[in-house]
Amino acid sequence: MQLVGRARDQSDRSNRCTSKLYPSRSEVRCFSTSAHPSLHLANQETDTFRTVSRSIMLHQIALLATVTVLGVLEQAYFAMQVIYVRRKCKVSPPVTSGPPEFERIFRAQANCTEYFPIFLSLLWVAGVFFHQVLAACCGVLYLIARYQYFSGYARCAQGRLAPLYLSAGVLCILIGLSVTGLLVYFVPLPRFLFPK
Amino acid sequence: MQLVGRARDQSDRSNRCTSKLYPSRSEVRCFSTSAHPSLHLANQETDTFRTVSRSIMLHQIALLATVTVLGVLEQAYFAMQVIYVRRKCKVSPPVTSGPPEFERIFRAQANCTEYFPIFLSLLWVAGVFFHQVLAACCGVLYLIARYQYFSGYARCAQGRLAPLYLSAGVLCILIGLSVTGLLVYFVPLPRFLFPK
Amino acid sequence: MQLVGRARDQSDRSNRCTSKLYPSRSEVRCFSTSAHPSLHLANQETDTFRTVSRSIMLHQIALLATVTVLGVLEQAYFAMQVIYVRRKCKVSPPVTSGPPEFERIFRAQANCTEYFPIFLSLLWVAGVFFHQVLAACCGVLYLIARYQYFSGYARCAQGRLAPLYLSAGVLCILIGLSVTGLLVYFVPLPRFLFPK
């Protein structure tokens, strides 16, 4: 690559630009404390490389990050509903038992919170290893199912079931995408079967 | 780097390829909305760079992602065990108290869920900053310990203790790896002491 | 880019270095199983590129990883406090109700655990998409607020309120940074308004 090939390339060019054969000391810096010690880049080139690399990284995770923030906002909404029902039913912390209405909303929020890290893990693995847009769509669907689950559970215990199955189904799809993405990575399969 | 050095390199080549001195408009596009505005790459080169960068990123996290998915599958297994024991002991949500057998399994799952984000954080920091394979091995060990913890706790409260200490020990190792990895990153130490 | 431009560049150089026109088979390997099949790099160049890319990635997340590990240590401290108060009040698992002192500490830890994944999600999205140092500072502030929350709650239920509002405020700031960072990424805005 150009990074190490620079000096060689320049000497290949039959010394037309002898004054540029080695970059001046002020132009050179070690890339970062953990970079390879033999690796020196001019400042401008380093910054460009960093900008491009960062841009590529953001490009591969922007939708996942958006769905993550939407999920956080949903969790914040659930947490506020618990605070409201605590006030309404006069159940002060640290007590966690009370009228059925409070217990249903409290458990609904606890259940959503419990599945939040699982959801995020699958969203990101599926999005990075299989397909970002597909994973983000599943993520949005999951968040909608979780909203319906919370609303249904707040009305009655039976109301939670249908959206619970939907959210579990979406999680299964995300598991499938993640496993497929990892298999495609580790096992060389015919490429035309999978998105790039 | 080649990215910005392109125009300069080509002019250095004594204009043998004048028609290629500047890429045609159709060949050029802005890399992405967040890239540096002065940075233009031909389409093919951009795609190759993106493919290589993505490949490097995946290479550094593939094992961590695999352990993450295994952990999610384990959590799903625990959650299903809670559903089964709820049916068996006739404890319908939102109730969380019942016969000792139910309470043990419920607490075992709650405890594993509680530590899941902590485990994932340490797994990824240790894997990215210290050594991916070592962190992934610790991760698998942790998941085995957690499975034994759950099975032991389901039998009797004492049965949880030995695997609980094992899983705590693995977490301590992961903390050690993470802290070491971050120290090596921030503090320049003799490199031969640590894996690349 | 150099990666694909190598062969073309070398033929442009009017065959002064014919013996180097194609790298020898031993010098070449496919980058990785998931890299583009047409992409071949010499070993040394691949390793350098990987080292630089890894260094850039670590540079963009090192502070976030540090705050993450600090958060994990804080959670471990909270978990140990619950173990101590269980012994002190003689409340053996799986029981989760007992004297008010135990219930307050138990709920304090449960609440911190509940918000931990939300905090980490926001920390990382804000740090990657907006500004790493700013996000890390908010993260440290959040961890301090959570420590005060835990200590205050352990004393009395009222003692949790002030640091709870502080931690909620910090989370709101992190939400603001995340949303701003994502907006800047998706919507092209005047660049001088935001940090690079």
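As the structure is a prediction and not an experimental result, all values here were calculated from the model.

1. Thoughts on the overall build of chain A
Part 1: Looking only at helices and strands, chain A has 5 helices and 2 strands in total.
Part 2: Contacts in chain A between residues far apart in sequence, at least 24 positions, make up 60% of those at least 6 positions apart.
Part 3: Within the structure as shown, chain A displays about 9,000 Å² of accessible surface, and the carbon and sulfur contribution to it stands at 64%.

2. A closer look at the packing of helix H4 (residues 132–155) of chain A against helix H5 (residues 161–186) of chain A
All names here are of chain A.
Part 1: The contact between H4 and H5 brings their axes to 8 Å, and the two run at 160 degrees. The pairing of H4 with H5 is recorded here as roughly antiparallel in orientation. When the axes of H4 and H5 are compared, the crossing they make is left-handed. Side by side, H4 and H5 meet where Leu-134, Ala-135, Cys-138, Leu-141, Tyr-142, Ala-145, Arg-146, Gln-148 and Tyr-149 of the first sit next to Pro-163, Leu-164, Leu-166, Ser-167, Val-170, Leu-171, Ile-173, Leu-174 and Leu-177 of the second.
Part 2: Broken down by class, the residue content of the contact of H4 with H5 amounts to 15 nonpolar, 2 polar and 1 charged.

3. Regarding the packing of aromatic side chains
Part 1: A full pass over the atoms with the stated rule returns 27 aromatic pairs over all chains.
Part 2: Their ring planes at 40 degrees and their centres at 5.9 Å tell us that A:Tyr77 and A:Tyr147 sit as a pair that is tilted. Here A:Tyr147 lies in helix H4 and A:Tyr77 lies in helix H2 (residues 43–89), a separation of 70 residues in the sequence.
Part 3: Ring geometry for C:Phe119 and C:Tyr142: centres 4.3 Å apart, planes at 15 degrees, overall stacked. Taken together, the residues span a long stretch of sequence, with C:Phe119 in helix H3 (residues 100–129) and C:Tyr142 in helix H4 (residues 132–155) at a distance of 23 residues.
Part 4: Note on C:Tyr142: relative accessible area 2%, which makes it buried.
Part 5: Here the aromatic residues A:Tyr77, A:Phe78, A:Tyr147 and A:Phe150 are joined through ring pairs into a cluster of three or more.
Part 6: Between A:Arg160 and the ring centre of A:Tyr153, over which it is positioned, the NZ or CZ distance is 5.3 Å.

4. Section: the environment of C:Glu114
Part 1: Structurally, C:Glu114 can be placed in helix H3.
Part 2: Those residues in contact with C:Glu114 that lie beyond four places of it in its chain are A:Gln109, A:Thr113 and C:Arg107.

5. Here we look at the pattern of salt bridges
As a working rule, side chains carrying opposite charge can pair if their charged atoms are close by.
All names here are of chain B.
Part 1: In the structure shown here, the tally under the stated rule is 3 salt bridges over all chains.
Part 2: In this structure, Glu-101 and Lys-88 form a salt bridge, with 2.9 Å as the shortest nitrogen-oxygen distance. A residue pair is termed long-range when its members are at least 10 positions apart, and Glu-101 in helix H3 (residues 100–129) and Lys-88 in helix H2 (residues 43–89) qualify at 13 residues.
Part 3: Overall, the relative accessible area of 27% leaves Glu-101 in the partly exposed class.

6. Topic: the UniProt feature "transmembrane region" (unreviewed entry) in chain A
All names here are of chain A.
Part 1: Here, the residues flagged by UniProt with the feature "transmembrane region" (unreviewed entry) are residues 61–84, 123–144 and 164–187.
Part 2: With 100% helix and 0% strand, residues 61–84 has its two end C-alpha atoms placed 35 Å apart.
Part 3: Along residues 164–187 one finds 96% helix and 0% strand; the C-alpha atoms at either end are 34 Å apart.

7. Quick notes on helix H5 (residues 161–186) of chain C
Part 1: For H5(C), built from 26 residues, the straight-helix expectation of 38 Å at 1.5 Å per residue is met to within 8% by its first-to-last C-alpha distance of 37 Å.
Part 2: Turning to H5(C), its buried residues are C:Pro163, C:Ser167, C:Val170, C:Leu171, C:Leu174, C:Ile175, C:Leu177, C:Ser178, C:Gly181, C:Leu182 and C:Tyr185.

8. A short note on the confidence of the model for chain A
Residues and elements named next belong to chain A.
Part 1: Mean pLDDT over chain A: 78, with 72% of residues reaching 70 or higher.
Part 2: Within chain A, the lowest mean pLDDT, 33, falls on strand S1 (residues 28–30), and the highest, 95, falls on H4.
Part 3: When the criterion is pLDDT under 50, residues 1–40 qualifies, and its contacts beyond four places in sequence or with other chains add up to 73 contacts.
Part 4: Prediction confidence for the complex, expressed as pTM and ipTM, is 0.77 and 0.74 respectively.

What counts and how
- Residues numbered from 1 in each chain as written.
- Chains lettered and ligands numbered in written order.
- Predicted model: local features only at pLDDT ≥ 70, side-chain atom pairs only at ≥ 80, totals over all residues.
- Heavy atoms only, no water.
- Helix = DSSP H or I, 4+ residues; strand = E, 2+ residues; numbered from the N terminus.
- Contact = heavy atoms within 4.5 Å.
- Areas by Shrake-Rupley, 256 points an atom, 1.4 Å probe, with all protein chains shown as cover.
- Axes fitted to C-alpha atoms, helices over the stretch in contact; angles between N-to-C directions.
- Parallel < 35°, antiparallel > 145°, perpendicular 65-115°, else oblique.
- Left-handed = near helix turned anticlockwise from the far one by under 90°.
- Nonpolar A, V, L, I, M, F, W, Y, C, P; charged D, E, K, R; others polar.
- Phe/Tyr/Trp six-rings, centres within 6.5 Å; stacked < 30°, edge-to-face > 60°.
- Buried < 20%, exposed > 50% of the residue type's maximum accessible area, 1.4 Å probe, protein only.
- Lys NZ or Arg CZ within 6 Å of the ring centre and 35° of its normal.
- Salt bridge = Lys/Arg side-chain N within 4 Å of Asp/Glu carboxyl O.
- UniProt positions renumbered as here; feature names shortened; annotations may be inferred.
- Expected span 1.5 Å × (residues − 1).
- pLDDT = per-residue confidence, 0-100.

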